[in-house]
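Chains, contacts and geometry: an overview
For reference, the chains in residue letters:
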Amino acid sequence: MRVDGELRVPGDKSISHRALMLAALGNGESRVRGLLCSADVLSTAGVLRSLGATIPVVTPEEFTVRGTGLSGLRESAGDLDCGNSGTTARLMSGVLAAIPFDSRVTGDASLSKRPMKRVAKPLETMGARFDFANGEGLPMTVHGGLLRGVTWFSETASAQVKSAILLAGLVADVPVEVHEPAATRDHTERMLRARGVDVRTEGTVVTLLPAARLDAADTGVPGDPSSATFFMALAAMAAGGTLSIAHVCVNPSRTGAFKVLADMGALVGYEDAHDDGGEPVARLVVGPRLLRGITIAPDVVPSLIDELPMIACVAARAEGETRVTGAAELRVKESDRMKAVGADAEELPDGFVVRGSDRPYRGRVTTHGDHRIAMAFGVLGALDGNAIEVDDRDCVNVSYPGFWSDLARVCR
């Protein structure tokens, strides 16, 4: 199988969520273009509408959001349904914690199993209250109100927890300081600075100073690097050809998977690098070379936690052993899925080992509704000799509705 052609992956999911939230909280009108219109981002739009924000029908084309200001959201008449979107639930928890009314946050069966108490804990320290009906998962009720500032030392590196604290401080007009064990993606900080908020970063410490208002700002959403990783991996494992991926976000906090693929031997080049609205973007040019197994250290994992399923599949085609540690954040054991298609994989307490081979991989993969699992094994299954069935192909709509058609188009 060869790859050939050029594609543009959908807008970055993390930036899309934040673009809607900050436009809704801003003073004045914000234009948004290039938004990812996936199920997750539509969940954020729906939650904001339920809270009284004027969000039009969202499209990848340019549209305008008229902001309510930091104190303009209103109590919802019903539950705030986040669908499958953990980003919606966790980031909006920070906003809801600072508003003086109660909000019941719900999600689908998959999201309801994911932990929410780690984001509730710092917000409770600031003065909010949270009630859980399902252990640490959804549904949860946020009792918002007047908050106090906080200096928070995060036990795990999490951009979502950090962002929830920053948004709570922003809406409550109080100072917050977040200390992380390792640097995480910094889209919230960049986008707040672009809107006039004093946010300072020194190493792994982020400080937000009180802001009386949030300026409106236009946002151009670049291509999602997580989505780009699947096609970079495809090109790296192909028998030949070159793939070009246009206008991708290359924020250093998001390119851990790019570096790992290059370290494994893939040909990865950047062209037309420039800045767009505070975010660095570039065209990626990727091609195959001999891939080798590597050891991925714990300090690298936060920068590629979303891409680890794809890295595991690449490791199955690399020469030697790939070892990942420090990945306790993984919700489901990747080793089990790799074994299901005949790969030599081993579970570790906080990661996995995959030993590469040129043998055919065949089997059925259960995604449990995880879009990244579906895309990762879809890529592995596209290679010559492999026959992998993905149980829920439609779950890719969460982040990349056109994934299967793009995959078919670039494979030769």
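Calculation criteria
Counting restarts for each chain: residues are numbered from 1 in the order of the written sequence. Only residues with pLDDT of at least 70 get local features here, since the model is predicted, and only at 80 or more are side-chain atom pairs given and counted; chain-wide, interface and lining totals rely on the full set of residues. With hydrogens and water excluded, all non-hydrogen atoms of the structure serve as input to the side-chain values. Any two rings among Phe, Tyr and Trp, with Trp reduced to its six-membered ring, count as a pair given centres within 6.5 Å; such a pair is stacked if its planes are under 30 degrees apart, edge-to-face if over 60, and tilted if neither. Each residue is assigned to one of three classes by its accessible area relative to the maximum for its type, calculated with a 1.4 Å probe on protein chains only: buried under 20%, partly exposed between the two thresholds, exposed over 50%. A ring is scored as having a charge over it whenever the NZ atom of a lysine or the CZ atom of an arginine sits within 6 Å of its centre and within 35 degrees of its normal. Between any two strands, at least two bridges found by DSSP are needed for them to pair. Helix numbering and strand numbering both begin at the N terminus, where a helix is a DSSP run of H or I of at least 4 residues and a strand a DSSP run of E of at least 2. Should any heavy atoms of two residues lie within 4.5 Å, those residues are considered in contact. All axes are obtained by fitting lines to C-alpha atoms, using only the stretch in contact for helices, and the reported angles, taken between N-to-C directions, cover 0 to 180 degrees.

The next point concerns the packing of aromatic side chains. With the rule as written, the count across this model stands at six aromatic pairs. With centroids separated by 5.7 Å and ring planes inclined at 70°, the aromatic side chains of tyrosine 400 and phenylalanine 403 adopt a geometry described as edge-to-face. Phenylalanine 403 shares its class with tyrosine 400; the two are buried. Measuring from centroid to centroid gives 4.9 Å for phenylalanine 403 and tryptophan 404, while their planes differ by 75°, and the two rings are edge-to-face. Phenylalanine 403 gets classed as buried once you look at its relative accessible area, which sits at 0%. Tryptophan 404 sits in the buried class, given a relative accessible area of 17%. Above the ring of tryptophan 404, the side-chain terminus of arginine 393 is found at 3.9 Å from the ring centroid.

Next up on the list: the pairing of strand β15 (residues 279-287). Both strand β13 (residues 240-249) and β15 contribute to a ladder of five bridges, which runs antiparallel. Paired with cysteine 249 across the strands is valine 281, a residue of β15. Where strand β14 (residues 267-276) lies against β15, eight bridges are found, and the strand directions are antiparallel. In the strand pairing of β15, aspartate 276 is matched with glutamate 279.

For the rest of this paragraph, the subject is the environment of glutamate 62. Turning to its location among the elements, glutamate 62 is positioned in the loop between α2 (39-50) and β3 (63-66). Here glutamate 62 falls in the partly exposed class, since its relative accessible area comes to 47%. Each C-alpha atom of the pair glutamate 62 and arginine 31 lies 6.5 Å from the other, and the pair is 31 residues apart in sequence. In contact with glutamate 62, other than residues within four places in its own chain, are Arg31, Val32 and Arg33.

Attention now goes to the sheet that holds strand β16 (residues 295-296). The strand order β16-β17-β19-β18 describes an open sheet built from four strands, whose pairing is mixed. With partners counted over all chains shown, the strands left at the sheet margins are β16 and β18 (344-348), one partner each. Here four bridges tie strand β17 (residues 321-324) to strand β19 (residues 351-355), and the two strands are oriented antiparallel to one another. Residue pairing in the sheet places valine 324 in a bridge with phenylalanine 352 of β19. Of the strands in this sheet, β16, β17 and β19 touch helix α10 (residues 308-315), which is tilted by about 25° from β19.

These values are about where atoms sit, not about what they do.
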